[in-house]
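An overview of the molecular structure
Next come the chains, spelled out residue by residue.
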Amino acid sequence: MKKILPSEITPYSTYLNRRKFVKTASAFSIATSLSLSAKALHNNDSSKYISKLDENDELNTYEEITTYNNFYEFGMGKSDPSNNSSLFNPKPWTIKIEGLVEKPLEINLEDLLKKIQIEDRIYRLRCVEAWSMVIPWQGFPLSELIKIASPLSSAKYIQFVTIFRPEEMPGQKRRLLPWPYVEGLRMDEAMNPLTILSTGLYGHDLLNQNGAPLRLVVPWKYGFKSIKSIETIRFVEKQPSATWSMVAPNEYGFYSNVNNTVDHPRWSQATERRIGEFMRRPTLMFNGYEEEVAHLYKDMDLQTYY
Ligand code: MTE
């Protein structure tokens, strides 16, 4: 019998009715209003991170999150991913684990999801282009998959690779970017409890435009680090290449931590436009997750390692 995932049963109407819940709710009442399972409620990690929003943060709507996207595999415009991704078929899906691991693996995503507890995580997403959203994701910590992968001690970084299917992804037939899209994290960033692989949002499976069926979410880094529709996870010794830092290394660094004190060469990163709002708001250091992640960079000059 097919197991029903929490991500499939959380009622969409509950989310919509509670759009403003973050203003007043404690971690417990937030979790209740999201109809989390009892198991998730007792999971300290997820309730802690669910509550990591500011009193000024409000969820973006499902409509906003699924129609204003960056996913160059389907075109460069914000509405291209939702308009041009209907041919993309994310089921079934195989994740390839390779590189510095005890044994390379191919994992069927549906089988993996039967074994893994799906959690709710509400995070800010801050794009390097200086717009932002608040998104209620479903997913699981990347560290869970790393455990299954059993990397060797020589593995210091992970590279992620998006699937290459030009017949289903029209942008890949054009030279918009070098394909496939690749990204990377240092191992301690990948193991941080905030880093998740997402399978859904607002209680729905991810739509193609949001990176179905599996995408990374690293909430303290600019959005382009959160690579979509991941096919390969490769454990490596040296800092791997990443698409935007290959294309324009002076504009996009490997780290790309949200940093309101380091401007993009062509625009300021001090403020941002929250989708759905009129006034710009200040950008928070590490996108507001300083307490959880600043220690990862304590001996690094963030002007140099942008
Ligand atoms: N992943 C792939 N494969 N291709 C892309 O073009 N765009 C990135 C990131 N992941 C992108 C990608 C950028 S720039 C951002 S801001 C986020 O996805 C946007 O995620 P969203 O559309 O779900 O909000």
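For the structure itself, consult the block above.
Below, the structure is looked at part by part. This one's a predicted model, so the numbers in the text were calculated from it and none came from an experiment. (Residues numbered from 1 in each chain as written. Predicted model: local features only at pLDDT ≥ 70, side-chain atom pairs only at ≥ 80, totals over all residues. Heavy atoms only, no water.)

A closer look at the overall build of the chain
- Helices and strands together make up the secondary structure of the chain, namely 12 helices and 12 strands.
- Buried positions account for 54% of the 306 residues belonging to the chain.
- For the chain, the share of sequence-separated contacts (at least 6 apart) that also reach a separation of at least 24 residues comes to 72%.
- Just so you have it, the chain exposes about 13700 Å², and 53% of that area is on carbon and sulfur atoms. (Helix = DSSP H or I, 4+ residues; strand = E, 2+ residues; numbered from the N terminus. Buried < 20%, exposed > 50% of the residue type's maximum accessible area, 1.4 Å probe, protein only. Contact = heavy atoms within 4.5 Å. Areas by Shrake-Rupley, 256 points an atom, 1.4 Å probe, with all protein chains shown as cover.)

As for unusual backbone geometry
- A cis amide bond, omega -5°, links K91 with the succeeding residue P92.
- Position of P92 relative to the elements: it lies in the loop between α7 (80–84) and β1 (94–99).
- Of note, the amide linkage connecting W179 to P180 takes the cis form, showing an omega dihedral of -5°.
- Mapped onto the fold, P180 is located in the loop between β5 (157–162) and β6 (182–186).
- Unlike most non-glycine residues, S150 shows phi in positive territory, near 50°.

Here we look at the environment of N84
- Of note, N84 is situated in helix α7.
- Given a relative accessible area of 31%, N84 falls into the partly exposed group.
- Expressed as a C-alpha distance, the spacing of N84 and M169, which sit 85 residues apart in the sequence, is 7.9 Å.
- Those residues in contact with N84 that sit more than four places away from it in its chain are F74 and P170.
- From its side chain, N84 meets the backbone oxygen of F74 in a polar contact 2.9 Å long. (Polar contact = N/O pair within 3.5 Å; in protein donor to acceptor, adjacent residues only side chain to side chain.)

Things to note about the packing of aromatic side chains
- If you walk through the whole model with that rule in mind, you get 14 aromatic pairs.
- Geometrically, the ring pair formed by Y62 and Y202 is edge-to-face, given 5.8 Å between the ring centres and 80° between the ring planes. Of this pair, Y62 sits in helix α6 (residues 62–67) while Y202 is found in the loop between β7 (196–201) and β8 (204–205), placing the two residues 140 residues apart along the sequence.
- Between F286 and Y297 the ring centres are 5.6 Å apart and the planes differ by 15°, which places this aromatic pair in the stacked class. Of this pair, F286 sits in the loop between β12 (281–282) and α12 (290–293) while Y297 sits in the segment after α12, and the two are 11 residues apart along the sequence. (Phe/Tyr/Trp six-rings, centres within 6.5 Å; stacked < 30°, edge-to-face > 60°.)

Some words on the pattern of salt bridges
- For the structure shown, the criterion picks out 19 salt bridges.
- A salt bridge links R186 to D188, with the nearest nitrogen and oxygen atoms 2.8 Å apart.
- For E189, the salt bridge is made with K221, and the minimal N-O distance between the two is 2.8 Å. Of this pair, E189 sits in helix α10 (residues 187–191) while K221 sits in the loop between β9 (215–217) and β10 (230–236), and the two are 32 residues apart along the sequence. An identical accessibility class is assigned to E189 and K221; each is buried. (Salt bridge = Lys/Arg side-chain N within 4 Å of Asp/Glu carboxyl O.)

Points about the environment of N257
- On the secondary structure map, N257 appears in the loop between α11 (243–247) and β11 (271–274).
- If we ignore the near neighbours within four places in the chain, the residues touching N257 are W220, K221, Y222, F286 and Y297.

A closer look at the site of the ligand
- Around the ligand there are 16 residues in total, and N69, Y72, E73, T162 and K228 lie nearest to it.
- The contact in question runs from a nitrogen atom of the ligand to an N or O atom on the backbone of N70, over 3.3 Å.
- Considering the ligand on its own, with 540 Å² of exposed area, one finds that the protein chains cover 98% of that surface.
- Using a 2 Å cut-off from the grid points, one finds that the ligand occupies the largest pocket.
- Here the residues of the shell around the ligand are counted per class, giving seven nonpolar, six polar and three charged. (Near = heavy atom within 4 Å. 1 Å grid on protein atoms, 1.4 Å probe; cavity = no way out; pocket = protein on both sides within 12 Å on 5 of 7 lines; lining within 4 Å. Sits in = over half its atoms within 2 Å of the grid points. Nonpolar A, V, L, I, M, F, W, Y, C, P; charged D, E, K, R; others polar.)

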